[in-house]
Amino acid sequence: MTARRELFTWLAACAAGAALVLLAAGRDWFTVTYGTREVAVPAAELAPALGPAAWAALAAVVAVLATAGVWRRVVGAVMALCGAGVVAASWWGSGAGAALRISAEQAPVVVDSVPRVASAVVWPIVASAGGLLLLAGGVTALLRGGRWPGMSDRYNRRGSAPAESAPSDRALWDALDEGTDPTIDQDPRER
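Residues numbered from 1 in each chain as written. Predicted model: local features only at pLDDT ≥ 70, side-chain atom pairs only at ≥ 80, totals over all residues. Heavy atoms only, no water.

**What to know about the confidence of the model for the protein chain**
For clarity, the cut-off: Per residue, pLDDT measures the predictor's confidence, with a range of 0 to 100. Secondary structure elements are defined from DSSP: runs of H or I of at least 4 residues count as helices, runs of E of at least 2 residues count as strands, and each element is numbered from the N terminus.
Here the protein chain averages 84 in pLDDT, and 85% of its residues register 70 or above. Here helix α7 (residues 162-165) stands out as the element of the protein chain with the lowest mean pLDDT, 54, in contrast to helix α6 (residues 122-144), whose mean of 95 is the highest.

Here it is as structure tokens:
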């Protein structure tokens, strides 16, 4: 697999991971029933870190595309931490105890009714899967990101050292002082 293809595969996997987390973060994870009253408990109250972690991971994807070298590895480490945070928040938010506590704050408890908790098991699993994709993407960027092309690679000269091929700033200013245009390729003997 070429470095460019690996980068695009990584990009698609990370974007899919963040999309899964954002999808799960916008859903109700529990429904608690008190007698005849139902209280929906959303993921935003059970695991409030999901949305910000997914958005931070998407920002890290863009940062990986824009950086190179050590900074790309640092951004990969941040993305891996976002993915680990999503997995941890999904696990902690999937407990029925937190749903009971949050629903009790939202609805007055009827003394003689026993609350029934119904869980939407799929959403914590979807969020965890997205977090695992982000974690794997961060580790991949940390380990293999140095081989991927950067945004400005197509504009860099290949084959010669920059000091040999480009005139110095002082030489450009001197050419302007002499009345010549330094951006036009001229024979150096004509100057």
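**Remarks on the packing of helix α4 (residues 70-93) against α6**
Quick reminder of the rule: To obtain an axis, a line is fitted to C-alpha atoms, over the contacting stretch when the element is a helix, and the angle between two such axes runs from 0 to 180 degrees between their N-to-C directions. When describing relative orientation, an angle under 35 degrees is termed roughly parallel and one over 145 degrees roughly antiparallel, while 65 to 115 degrees is termed roughly perpendicular and anything else oblique. Should the near helix be turned anticlockwise from the far one by less than a right angle, the crossing is termed left-handed; should it be turned clockwise, right-handed. Only heavy atoms matter for contacts: two residues are in contact if any of them lie within 4.5 Å across the pair. Note that Gly is not counted as nonpolar here; it falls among the polar residues with everything else outside the nonpolar set of Ala, Val, Leu, Ile, Met, Phe, Trp, Tyr, Cys and Pro and the charged set of Asp, Glu, Lys and Arg.
Between α4 and α6, the least distance of the axes is 7 Å, while the angle of their chain directions is 160°. Here α4 is positioned roughly antiparallel relative to α6, judged by the angle of their axes. The way α4 lies across α6 gives a crossing that is left-handed. On α6, the residues that touch Arg72, Arg73, Gly76, Ala77, Met79, Ala80, Gly83, Ala84, Val86, Val87 and Ser90 of α4 are Pro124, Ala127, Ser128, Gly131, Leu132, Leu134, Leu135, Gly137, Gly138, Val139, Ala141 and Leu142. Among the residues making up the contact of α4 with α6, the classes are represented as 14 nonpolar, seven polar and two charged.

**Considering the environment of Trp29**
Keep this limit in mind: Type-normalised accessible area, obtained with a 1.4 Å probe on protein chains alone, sets the label of each residue: buried when under 20%, exposed when over 50%, and partly exposed for intermediate values.
Mapped onto the secondary structure, Trp29 falls in strand β1 (residues 28-34). Classification of Trp29 as buried rests on a relative accessible area of 0%. A sequence separation of 13 residues divides Trp29 from Pro42, and the C-alpha atoms of the two residues are 5.5 Å apart.

**Focus on the environment of Gly83**
Among the structural elements, Gly83 can be located in helix α4. For the pair Gly83 and Leu135, spaced 52 residues apart in sequence, the C-alpha to C-alpha distance is 4.2 Å. Among all residues touching Gly83, those that are not within four sequence positions of it are Gly131, Leu134 and Leu135.

**Some words on the nonpolar core**
Using the following cut-off: Throughout, nonpolar core names a set of buried Ala, Val, Leu, Ile, Met, Phe, Trp, Tyr and Cys residues whose side chains join them through atoms within 4.5 Å.
Of all hydrophobic cores here, the largest spans 35 residues; its most connected members are Trp10, Trp29, Val41, Leu46, Leu50 and Met79. Of all the elements in the fold, those that place two or more residues in this core are α1 (3-25), β1, β2 (37-42), α2 (43-46), α3 (50-66), α4, α5 (96-106) and α6. Contacts of Val41, omitting those with residues within four sequence positions, involve Asp28, Trp29, Phe30, Val32, Leu46, Ala99, Ile102 and Ser103.

**Description of the sheet that holds β2**
Put simply, the rule is: Strand pairing is assigned whenever DSSP identifies at least 2 bridges connecting the two strands.
Strand order in the open sheet made by the three strands is β2-β1-β3, with antiparallel pairing throughout. Edge strands, defined here as strands with exactly one partner in the open sheet, are β2 and β3 (116-119). Within this sheet the neighbouring strands show an average axis-to-axis angle of 20°, counted without direction. Bridge count for β1 against β3 is four bridges, and the pairing is antiparallel. Its bridge partner lying in β3, Phe30 is registered against Ser119.

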